[in-house]
Each structure stands twice: as structure tokens, then as C-alpha cells.
Amino acid sequence: MLLSTTVLGVMRDGKVAIAADGQVTLGEGGTVVKHLARKVRRMAGDKVLAGFAGSVADAQALQDRFEQKLEKYSSSLKRAAVEFAKDWRTDRLLRHLNAMLLVAEPGTLLLVSGDGNVIEPDDGIAGIGSGGPYALAAARALIRHTGLSAEEVATESLRLASEICIYTNDEIVVETI
């Protein structure tokens with residue numbers, strides 16, 4: 001499991017939101033060194049969202065490579081994700097990077113990992129990072145029992161995860177498409 005962050009993707013009513021906390025934690029002791037990191041980014045002319053969990057340098061390198069795949073495959077998110085996952089798994093340098101990505105466009109949310117997985121969640125909700133399971137559980141409950149928007153569900157779920165996970169803070173950035 002990747003520590004030190006929480007990223008959550010939520011789809012609802014034709015919208016998709018990706019939210020992430022802002023905390024950067026270093027070392028095994030969990031020293032907080034930054035509170036306002038931005039772990040969600042727009043790509044492909046604002047048509048795609050990407051959120052990352054893991055080492056900042058590794059995640060940035062992966063996001064840059066993923067954006068190149070989006071350009072190569074004419075912004076086809078699923079095709080770019082599959083081709084990117086193949087490279088990530090087989091490239092000697094890439095496969096040692098410690099990060100995961102959530103990527104989304106309207107109607108599609110994908111979890112992409114270095115072991116070659118490209119997963120489209122059945123319920124349109126995915127969480128990564130140390131607080132991912134907490135945010136995921138909160139989002140599922142909110143989707144089932146409220147009429148909140150994708151952005152509201154993502155924000156409130158991150159807020160709840162920040163109350164449980166010491167590697168997650170409540171400085172939340174959320175992007176919606």
C-alpha cells in the first residue's frame with residue numbers, strides 16, 4: 001500500500017470528480033513537510049483528470065508519461081491507460097517507480113498501477129493511498145444514502161478520511177469534469 005496520501009475518484013450523474021489531500025509526509029516516522037501539495041491535475045486540454053498517490057517525483061514522472069500517451073492516442077483515455085500500463089510494467093526504469101494513478105474523463109474512471117492493472121471500478125468510485133480505503137467507504141455510503149454531487153461526495157469523503165488517517169489532511173483539492 002502506498003502511504004502518505006489519499007486520492008478519491010467519484011462518478012455521479014455524468015460528472016466525475018477526483019479529490020486529494022494536500023499533505024506530504026516524509027520518512028518512516030511520518031514527518032509532515034508540506035500541507036498544501038496539489039495531487040490532482042488536468043490533462044489533454046482539460047478533458048482528463050489525473051490524481052496520484054506515492055512518491056512525488058515518481059508520480060510526476062508517471063503523470064508526464066501518461067500525458068504523452070494521451071497525446072499519442074488522441075486523448076482516448078482507455079487506450080492511453082492500457083498502453084501506459086504496459087510500458088509501466090515492462091520498462092526497467094518505470095517499474096521501480098512507487099506511485100499509483102486515478103485518471104478520469106466524463107463517464108470513465110480508471111485506476112492505473114505499475115503491475116499492469118487498469119481497473120474500471122464497478123460502482124464508479126476508487127480510492128488510492130493510505131487513506132484510500134477510508135475515503136472509498138465514506139463515498140460508497142454517501143452515494144447510496146444522499147443526493148450529493150460527485151464533487152460533494154469526494155470532498156466530504158476526503159474530509160472524513162482525514163479524521164482517521166494520519167497521512168491525510170483536510171486541505172482538499174478537487175477537480176470535476
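Now for a description of the structure that goes with this document. In this convention, every chain numbers its residues from 1, walking through the sequence in written order. Local features in a predicted model are, by the rule used here, given only for residues with pLDDT of at least 70; side-chain atom pairs are given and counted only at 80 or more, and totals for whole chains, interfaces and linings are based on all residues. Hydrogens and water molecules were not included; the side-chain quantities draw on all heavy atoms of the structure.

Side note on the packing of helix H1 (residues 56–72) against helix H2 (residues 77–90)
How two helices pack is summed up by the angle between their axes together with the distance between the axes. Stated formally: In this analysis, axes come from line fits to C-alpha atoms, helices being fitted only over the stretch in contact, and the angle between any two N-to-C directions falls in the range 0 to 180 degrees. Each helix is a run of H or I in the DSSP string that is no shorter than four residues. Each strand is a run of E no shorter than two, and both are numbered from the N terminus. Working rule for angles: under 35 degrees goes down as roughly parallel, over 145 as roughly antiparallel, 65 to 115 as roughly perpendicular, anything else as oblique. Here a crossing is called left-handed whenever its near helix is offset anticlockwise from the far helix by less than a right angle, and right-handed whenever the offset is clockwise. Contacts are residue-level and defined by heavy atoms, with any inter-residue pair within 4.5 Å sufficient. Amino acids are sorted into nonpolar (Ala, Val, Leu, Ile, Met, Phe, Trp, Tyr, Cys and Pro), charged (Asp, Glu, Lys and Arg) and polar (every other residue, Gly among them).
The interhelical angle for the contact between H1 and H2, taken along N-to-C directions, is 130°, at an axis separation of 9 Å. Taken together, the axes of H1 and H2 are oblique relative to one another. H2 is crossed by H1, and the crossing has right-handed handedness. The residues of H2 that touch H1, namely those facing Leu62, Arg65, Phe66, Lys69 and Leu70, are Leu77, Ala80, Ala81, Glu83, Phe84, Asp87 and Trp88. Each residue belonging to the contact of H1 with H2 can be placed in one class, and the counts come to eight nonpolar, no polar and four charged.

Quick word on the sheet that holds strand E8 (residues 108–113)
The line we're drawing: In short, DSSP must find at least two bridges between two strands for them to pair.
One open sheet accounts for five strands, arranged E5-E6-E7-E8-E9; its pairing is antiparallel. Bordering the open sheet on either side are strand E5 (40–43) and strand E9 (118–119), each of which pairs with just one other strand. Where E8 meets E9, two bridges bridge the pair, whose relative direction is antiparallel. Counterpart to Val112 in the pairing with E9 is Val118. Together, E5, strand E6 (48–54) and strand E7 (99–105) form the strand contacts of H1, whose direction differs from that of E5 by roughly 20°. Taken strand by strand, H2 contacts E6, E7, E8 and E9, and its axis lies near 5° from that of E8.

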